[in-house]
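One letter stands for each residue in the lines below.
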Amino acid sequence: MPEPIDTTRITARQRWARHWIRAHLVTAAAAGLLIAGPTSLTEIAVIPPAVIFLLFSPWTFHLWRDAWRRPVLVLLLAFAAWLAIGLVYSPNRDLGVEEFGNLRFFLVVLLLIPAFHLPSPGRGAADDAPLPGPGRSLTVAAVALGFLAGNVVQALNAWALLGNGPESLDFGRLADRISGWWDSAVAGTVLTAALGLHLPAALMGRGRARLVALGGSSVTLVALVATGSRGGWAASAALLLLTFAVGGFRALRSGRGRAAFFASLATFLIVLGGTAFALRAQIGERIGRAHEQLTAAAEGHYDSVDGARLAMKKAALEAFLRHPIMGVGTGGFSAWAREHTGFTDEIHDHAHDTLLHAAASNGLVGVVLLIAIAAAALLQAWAWARPRGLGTYAAGPLFALLGLIFTTPFDTLYVSGNAAAVTGMIVALCAHPPPRQGEPDDAREG
């Protein structure tokens, strides 16, 4: 005869499980909220989930152990190992260590696994839970709120630069580079990711979610134009065209949501037109300056911002052609370029181009690993979006990652401060597919 079940013990176990599951959810949301903040906040964003991850790893071991068999995490580990090897022959090892250290922002790919795959804290530890709880959705919402907080700071920045606001809010920006607490050069990258997070629900969603996403997208578009980031403008334009094409095809094919899609499209055009008109002087100055500097660079004069960008691309390409397999070493691009190319003042610490910088520093192997990471993350993001629908925020990280991919010719995503932090979080939201129905191992207590 079996022994009677001790219901008191089960209840205590369930209560304990709820506490540590809730801790994972709260710290994941906190990391999402802080990751798009100023540098001082992004530096501490990964600490709370790291602490909770380590404290409760005995109970979540089965989740993150399984993650090592997932392609994104394995490829990230391989990329980190290759960068570490590149330190051995780097001509600037100190800068290489700093560049390697920026991979810490990608730790969230591992740290947030329990938050994304544990059941809701309302379920008991003994309950069947074939699908994950709200961790990923909660983190997506927190990231979106973090971006919106940055937009509020941009509005205060605009007040200081264009109105009569206090000087403490100008953040040292120019009137045509209203970027708030983000560096002006990085703001376009960050806000392209923010736009991608909202776009699918705004163009292909329904009901309240579509209205919320439409509002978020509109705010992001205004903020993006205000940054004066021409790279961000180009990347976001590509993302908008891609999303318009996908949304338009779906609306015309099914017939459902056609009116909502065209209403959203009209809203975007009105927002963009109104913002462009209001900031026409700043936009005109940015475009005119780009034309002048690129024309001068074509004549061999690289002593300007845009001229320097072209000089760095040329130098990175030359470094890759001379050292195609292994590159010149992690962190060694700037030192090598100044010594071997004739460019001196034009060269920055990184090439402001993700693939070219990887090619110059770590050769073809580094480039292949980066492309493989992006491809694997896109496939895993599609696994989240497909069952829930492209018109939901479940598809937001997929489009945010596409937006980041479009920014790669203008920024070095794994090196450049805030861009690396945001990229790490978006990759984490994409990296691990949801458990399929009937796979309870990813959703039960270990």
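Shown above is the structure to which this text applies.
Below, the structure is looked at part by part. Along each chain, the written sequence defines residue order, and numbers are assigned to residues from 1. Only residues with pLDDT of at least 70 are given local features in this predicted model, and only at 80 or more are side-chain atom pairs given and counted; all residues enter the totals for whole chains, interfaces and linings. Side-chain metrics rest on all non-hydrogen atoms present in the structure, leaving aside hydrogens and water.

**Some points on the packing of helix H5 (residues 71–86) against helix H17 (residues 354–388)**
Moving on, step 1. At a minimum axis distance of 9 Å, the contact between H5 and H17 shows a crossing angle of 160 degrees. With respect to H17, the axis of H5 lies roughly antiparallel. Here H5 and H17 pass one another in a crossing that is left-handed. Contacts between H5 and H17 involve Pro71, Val72, Leu75, Leu76, Ala78, Phe79, Trp82, Leu83 and Gly86 from the former and Asn362, Val365, Gly366, Leu369, Leu370, Ala372, Ile373, Ala376, Ala377 and Gln380 from the latter.
Moving on, step 2. Each residue is assigned to one class: nonpolar for Ala, Val, Leu, Ile, Met, Phe, Trp, Tyr, Cys and Pro, charged for Asp, Glu, Lys and Arg, and polar for all the others, Gly among them. When grouped by side-chain class, the residues that make up the contact of H5 with H17 number 15 nonpolar, four polar and no charged. Only the stretch in contact is used when a helix axis is fitted, and all axes are lines through C-alpha atoms; the angle between N-to-C directions ranges over 0 to 180 degrees. Strands are runs of DSSP state E lasting at least 2 residues, helices are runs of H or I lasting at least 4, and numbering of each runs from the N terminus. Angle categories: roughly parallel below 35 degrees, roughly antiparallel above 145, roughly perpendicular from 65 to 115, and oblique for all the rest. Here a crossing is called left-handed whenever its near helix is offset anticlockwise from the far helix by less than a right angle, and right-handed whenever the offset is clockwise. Note on definitions: a residue-residue contact is assigned when non-hydrogen atoms from the two residues lie within 4.5 Å.

**Digging into the pattern of salt bridges**
Moving on, step 1. When a carboxyl oxygen of Asp or Glu is within 4 Å of a side-chain nitrogen of Lys or Arg, the pair counts as a salt bridge. In the structure shown here, the tally under the stated rule is six salt bridges.
Moving on, step 2. When the shortest N-O distance is used, the salt bridge between Arg289 and Asp176 registers 3.1 Å. On the criterion of sequence distance, the pair formed by Arg289 in helix H14 (residues 280–298) and Asp176 in the loop between helix H9 (135–162) and helix H10 (184–204) is long-range, its members being 113 residues apart.
Moving on, step 3. A salt bridge links Arg230 to Asp306; its shortest N-O distance comes to 2.9 Å. Here Asp306 lies in helix H15 (residues 305–322) and Arg230 lies in helix H12 (residues 230–254), a separation of 76 residues in the sequence.
Moving on, step 4. Look at the salt bridges and you will find they share partners, linking Asp176, Glu285 and Arg289 into a network.

**Focus: the layout of surface pockets**
Moving on, step 1. The definitions used throughout rest on a 1 Å grid laid over the protein atoms alone, on which a cavity is an enclosed set of points accommodating a 1.4 Å probe that cannot get out and a pocket is an open set flanked by protein within 12 Å on both sides along at least five of seven lines; lining residues are those having an atom within 4 Å of a point. Grid points are joined across faces, edges and corners, and a volume is the space filled by probe spheres set on the points. Of the voids in this model, the largest pocket is the one considered here, and its volume is about 580 Å³.
Moving on, step 2. Together, 27 residues line the largest pocket, and Arg230, Arg286, Val305, Asp306 and Arg309 are the ones closest to its centre.
Moving on, step 3. Listing elements by their share of the lining of the largest pocket, those giving two or more residues are H10, H12, H14 and H15.
Moving on, step 4. Split by residue class, the lining of the largest pocket holds eight nonpolar, ten polar and nine charged.
Moving on, step 5. Approximately 340 Å³ is the volume attributed to the second largest pocket.
Moving on, step 6. Contributing to the lining of the second largest pocket are 17 residues, with Thr354, Leu370, Ala374, Thr408 and Leu413 lying nearest its centre.
Moving on, step 7. Every element with two or more residues in the lining of the second largest pocket is listed here: H5, H17, helix H18 (396–407) and helix H19 (417–431).
Moving on, step 8. Broken down by element, the residue count for the lining of the second largest pocket peaks at six residues, all from H17.
Moving on, step 9. Here the lining of the second largest pocket is built from residues that sort into 14 nonpolar, three polar and no charged.

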